[in-house]
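# Structural overview
Chain residues, written in single-letter form:
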Amino acid sequence: MADDETSSQGEDRLSRVLKQAVNDVNSLLPAEQNIVLAAETSLMGDGARLDSMGVINLIIAVEGGVEREYGVHISLMDRLIAAASSQTVTLGGVRDLLRAELGSQH
Amino acid sequence: MSAHRLRCLIIADFNAANLAGLMTNDLAPPLIEPVLAPYGQWMQVLLDASHACWSPRPDITLVWVRPGNAVACLKAAMDMRVVDYGQMAHEVDEYAALLLGAAQRTRFLLAPAWTATAQDQPICGVFAWNPERGAAHALARAKLRLQERIGASGTVFQLDADHWLMRAEMRASHNALWYLSKTPFGNDVFRAAVGDIKAAARGLLGEARKLLVLDLDDTLWGGILGDVGPEGIALGGHDARGEAFEAFQEALRSLLNRGILLGIVSKNDEQLALRAIAEHPAMKLRRDDFAGWRINWRDKAENVADLAAELNLGLQSVVFIDDNPVERDRLRSSLPEVLVPEWPSDPFLYRSALAALACFDTPVVTADDVSRSREYNVRRERDASRAKVANVEDWLLTLGTVVKVEAIGDANRVRALQLINKTNQMNLRTRRLTEAELVAWFGRPGCAGYCISVSDRFGDSGLTGFLGLRLENGIADITDYVISCRVLGRGVEESMVWLASTWAREAKANLVRAEYLATSKNAPCLDFWRRSGFRVEAADRIFVWPCETDFPRPRFVEVSAPPVGCFAGDIP
């Protein structure tokens, strides 16, 4: 039970980071280009809604959120750009990457 | 507030897409439609008046060029090379000329003041202010010189970008954002910039708030006055809370010095409250500093509306501060035009909460602004004397009102412009003008502008009226009929119409014509014209007076210009 609670709290924190990052990026975009906070939202690659500036803004917002929430710096830029060369990067993919990174750091 | 989106041309020496995005999505009035000048072409756009960016004419142009790009000597200073200050002055002057030239193609030009960014060499340490090569020293001198060159223009205004970086703290820039997108500032800087740009736009458009209404208990001082008495309230002294309230009052005083009116609406015993204000040793604001008050047990929304009406201000000019969330909610729901900011419960935060209200920004402050509170107090005395005289006309005769008429010129232009751009209610056409537009308009053949100053036995209200006239095809059109609410109801309105008709007759016009352009705020002006005696040519829109008939001058007003030939030399 204690483990479940810890896991749930961790997901809440991660969701908070992603939600804030999506809000930050949407505050820069016209309403019709806003991205949806959903795992399947495509960020880079096929069906991507963000242009390169949007991707940069999203990554910076996520990195900043992780620093504020977890007190650690995780560099996503190179890994996501590399990943985008071979696959579609989704918001869920970003969450998985963060989960793995944070798990390995704790 | 303006309903349409203002067009803002952004000319920057960096990628300003994020700034434009935030500007588009910011819903605070006025709404802005940003247009980005082509990346990397700031100089070309500033130099080329025929560039497509300038059409349609932007309402606002934002020129944000970093110091090292605008002035080569500043790049040298940031690289710690010896600065040739003569050359730097020349380069700053050239940049100022660019801005002034560009300002001809826009209503207002805003330029964030130069500030070093994370991409510049760090400006820090004891060497920063070295007079030969210190970058901080050179930057400060350059900024000052630029302001000296553009400050008097009336159309170019610097914004305090250092403040934006300070507010953004560690998020003022991101290396990745710079290296990947050539955006030197983080979005927190841009958010602060959008707030200041909008505040400046509101001020320049005459939409800045003018009256700050304050609660008393736990707002202006700590504690409940009725419970603890004047000696028991937390204010000043060797007490952290008391110091916080005192500091808040000092901040309010600085607003007063900028021409913002202060008022009180409080549920309290009036005599006790006024005694505390008059006698408490730590009060930074005294009775004369308040333009008016409603200290009673009535509904606060009613009191705020009543006070605004007494001061002849629209509710859109009012800000209300109260520590009580219930009262704030009541005000918001009943008077939505009043700005009611969320207010911290901790008095330590009051001063910073006040500083964060970007609603009082005005580009200039005149002596009249600073003395306005006193003027309202004088008016209160005047109204008290009115109560002693049964007949209004008899009372008006006792005032000894003098209307002084002067042609628009260098000496009165700033105040006239401010009046034209701030006055909402007694404004026939609500024509807003920049200084350049005003000079150009009244330099045209057939056009004349007159500043009206009003005084009486109670005091001098200063420049409180403006009359613009244009003669064309035998018709004298009133292009501007603007009167401060402070002097209404004392014959000034009729005196200005008399002036218009006298001017028209001397100009050999057949008719004086007033065309009323309705706004959401100038209904009082229509009421006057309906009563003016002018013939209605189009209902509630066009009013005319035949020049063969003298328009009657109020007998209780002395106009300090000769009735015949008073416009000698001015007549087209």
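Residues numbered from 1 in each chain as written. Chains lettered and ligands numbered in written order. Predicted model: local features only at pLDDT ≥ 70, side-chain atom pairs only at ≥ 80, totals over all residues. Heavy atoms only, no water.

Per the secondary structure count, chain B includes 22 helices and 17 strands. For 572 residues, the compact-globule estimate of 2.2 N^0.38 gives 25 Å, and the C-alpha radius of gyration of chain B, at 26 Å, lies within 12% of that figure. For chain B, the spread of C-alpha atoms along the three principal axes comes to 75 × 70 × 40 Å. Within chain B, the proportion of its 572 residues that are buried is 58%. Taking as baseline every contact in chain B between residues at least 6 positions apart, the subset at least 24 positions apart corresponds to 72%. Side-chain charges of chain B comprise 65 positive and 72 negative groups, with the mean position of each set lying 3 Å from the other. (Helix = DSSP H or I, 4+ residues; strand = E, 2+ residues; numbered from the N terminus. Rg over C-alpha atoms; globule rule 2.2 N^0.38 Å. Buried < 20%, exposed > 50% of the residue type's maximum accessible area, 1.4 Å probe, protein only. Contact = heavy atoms within 4.5 Å. Lys, Arg positive; Asp, Glu negative; His and termini not counted. Charge placed at Lys NZ, Arg CZ, Asp CG, Glu CD.)

Before going further, it helps to examine the overall build of chain A. Scanning chain A from terminus to terminus reveals four helices and two strands. Secondary structure of chain A in N-to-C order comes out as α-β-α-α-β-α. With 106 residues in all, chain A has 41% of them scored as buried. Once local pairs closer than 6 in sequence are excluded, the contacts in chain A between residues at least 24 apart make up 61%. Just so you have it, chain A exposes about 5700 Å², and 49% of that area is on carbon and sulfur atoms. (Areas by Shrake-Rupley, 256 points an atom, 1.4 Å probe, with all protein chains shown as cover.)

We now examine the sheet that holds strand E2 (residues 32–36) of chain B. The pairing of strands in a sheet happens through backbone hydrogen bonds and is either parallel or antiparallel. All names here are of chain B. Pairing in this open sheet of five strands is parallel, and the strands run E2-E1-E3-E4-E5 from one edge to the other. This sheet does not close on itself; its edge strands, each paired only once, are E2 and strand E5 (156–159). When strand polarity is set aside, the average angle formed by the axes of neighbouring strands in this sheet is 25°. One ladder, built from five bridges, connects strand E1 (residues 6–12) with strand E3 (residues 60–64); its direction is parallel. Counted as the bridge partner of Ile11 is Val63 from E3. (Pairing = 2+ DSSP bridges. Axes fitted to C-alpha atoms, helices over the stretch in contact; angles between N-to-C directions.)

Residue and element names in this part refer to chain B. Strand order in the open sheet formed by eight strands is E15-E16-E14-E13-E12-E11-E10-E17, with mixed pairing between adjacent strands. The open sheet has two edge strands with one neighbour each: strand E15 (535–538) and strand E17 (557–559). Averaged over neighbouring strand pairs, the angle between their axes works out to 30° when direction is ignored. Across 10 bridges, strand E11 (residues 447–456) lies against strand E12 (residues 459–472) in antiparallel orientation. Among the inter-strand pairings, Ser455 is bridged to a residue of E12, identified as Asp460. Packed onto the sheet, helix H22 (residues 523–531) meets strand E13 (475–483), strand E14 (511–515) and strand E16 (542–546) and runs at close to 135° relative to E13.

Moving on, we get to the packing of helix H19 (residues 413–422) of chain B against helix H20 (residues 435–442) of chain B. Residues and elements named next belong to chain B. It is the contact of H19 with H20, at a shortest axis distance of 10 Å, that shows an interaxial angle of 105°. If you check the angle between H19 and H20, you find them roughly perpendicular. Taken together, the residues of H20 that come into contact with H19 (itself represented by Arg413, Leu417 and Ile420) are Glu435, Leu438 and Val439. Per-class residue counts for the contact of H19 with H20 are four nonpolar, no polar and two charged. (Parallel < 35°, antiparallel > 145°, perpendicular 65-115°, else oblique. Nonpolar A, V, L, I, M, F, W, Y, C, P; charged D, E, K, R; others polar.)

Moving on: the nonpolar core. All names here are of chain B. Membership of the largest hydrophobic core comes to 42 residues, with the highest contact counts inside it found for Leu467, Ile478, Tyr481 and Trp529. Counting residues per element, this core draws most heavily on helix H21 (residues 492–506), which supplies eight residues. Leave out the neighbours within four places in its chain, and Tyr481 touches Met426, Asn427, Leu428, Phe466, Leu467, Glu493, Met496, Val497, Cys525, Phe528 and Trp529. Core analysis: the second largest hydrophobic core is formed by 38 residues, Phe245, Ala273, Ala276 and Tyr350 among them. (Core = buried A, V, L, I, M, F, W, Y, C linked by side-chain atoms within 4.5 Å.)

Residues and elements named next belong to chain B. Taken together, the buried positions of helix H13 (residues 300–310) are Lys300, Ala301, Asn303, Val304, Leu307 and Ala308. Around the axis of H13, the buried residues are gathered within 160° of arc, so they sit on the same side. Positive phi appears at Asn312, one or two residues downstream of H13, with a value of about 55°. (Arc of directions from axis to C-beta.)

Attention now moves to the side chain of Asp13(B). Residue and element names in this part refer to chain B. Note that Asp13 resides in the loop between E1 and helix H1 (17–25). Within the structure, the side chain of Asp13 is placed 2.6 Å from the side chain of Asn69, a separation counted as a polar contact. If near-sequence neighbours (up to four positions away) are discounted, Asp13 is found in contact with Trp42, Trp64, Val65, Arg66 and Asn69. (Polar contact = N/O pair within 3.5 Å; in protein donor to acceptor, adjacent residues only side chain to side chain.)

Turning our attention to the packing of H13(B) against helix H14 (residues 325–334) of chain B. Residues and elements named next belong to chain B. Where H13 contacts H14, the two axes come as close as 9 Å, and the packing angle between them is 60°. Between H13 and H14, the interaxial angle falls into the category oblique. Relative to H14, the crossing made by H13 is right-handed. Along its contact with H13, which presents Lys300, Ala301 and Val304, the element H14 presents Glu327, Arg330, Leu331 and Ser334. Among the residues forming the contact of H13 with H14, the class breakdown is three nonpolar, one polar and three charged. (Left-handed = near helix turned anticlockwise from the far one by under 90°.)

Residue and element names in this part refer to chain B. In the segment running from Pro29 into Pro30, the intervening peptide bond is cis, with an omega of -5°. Tracing the chain through its elements places Pro30 in the loop between H1 and E2. Backbone torsion omega between Ser55 and Pro56 reads -5°, so that peptide bond is classified as cis. The phi torsion at Met80 lies on the positive side, around 65°, for a residue other than glycine. Tracing the backbone through its elements, the reader meets Met80 in the loop between helix H4 (72–78) and helix H5 (85–103).

With that out of the way, let us pick up the interface of chain A and chain B. Listed by partner, the interface residues are 11 residues for chain A and 14 residues for chain B. In total, about 1000 Å² of surface goes out of reach between chain A and chain B, with carbon and sulfur atoms giving 62% of it. Where chain A touches chain B, the interface holds five residue pairs in polar contact (both at pLDDT 80 or more). For the side of chain A that touches chain B, the secondary-structure elements that each account for two or more residues are helix H1 (2–26) and helix H2 (52–70) of chain A. Taken together, the residues of the side of chain A that touches chain B break down into six nonpolar, three polar and two charged. (Buried area = accessible area lost by both parts, 1.4 Å probe.)

This next bit is on the environment of Ile452(B). All names here are of chain B. When you line up the elements, Ile452 lands in strand E11. A C-alpha to C-alpha distance of 6.4 Å links Ile452 and Val403, two positions 49 residues apart in sequence. Leaving out residues up to four positions away in the same chain, Ile452 has contacts with Val403, Lys404, Val405, Gly462, Leu463, Thr464, Gly465, Phe466, Val492, Met496 and Leu499.

With that settled, the discussion passes to the packing of aromatic side chains. All names here are of chain B. Within the structure shown, the criterion is met by 22 aromatic pairs over all chains. Taking 5.4 Å as the distance between ring centres and 65° as the angle between the ring planes, the aromatic pair formed by Trp64 and Trp164 counts as edge-to-face. Note that Trp64 is positioned in strand E3 and Trp164 in helix H7 (residues 161–168), a separation of 100 residues in sequence. Here Trp64 matches Trp164 in class, with each residue buried. (Phe/Tyr/Trp six-rings, centres within 6.5 Å; stacked < 30°, edge-to-face > 60°.)

Residues and elements named next belong to chain B. The predicted model of chain B has a mean per-residue pLDDT of 89, with 94% of residues at 70 or higher. Low pLDDT (under 50) marks residues 562–566, which in the prediction has eight contacts with non-local residues, meaning those over four places away or in another chain. Among the scores for the predicted complex, ipTM is 0.87 and pTM is 0.71. (pLDDT = per-residue confidence, 0-100.)

To continue, consider the confidence of the model for chain A. Keep in mind that low pLDDT regions are not for reading the predicted coordinates in detail. Residue and element names in this part refer to chain A. Mean pLDDT over chain A stands at 84; residues scoring 70 or higher make up 88%. Considering each helix and strand of chain A separately, the mean pLDDT is smallest for H1, with a value of 77, and largest for H2, with 92. Long-range and interchain partners of residues 1–5, a stretch whose pLDDT sits below 50, account for zero contacts in this model, where long-range means more than four residues apart.

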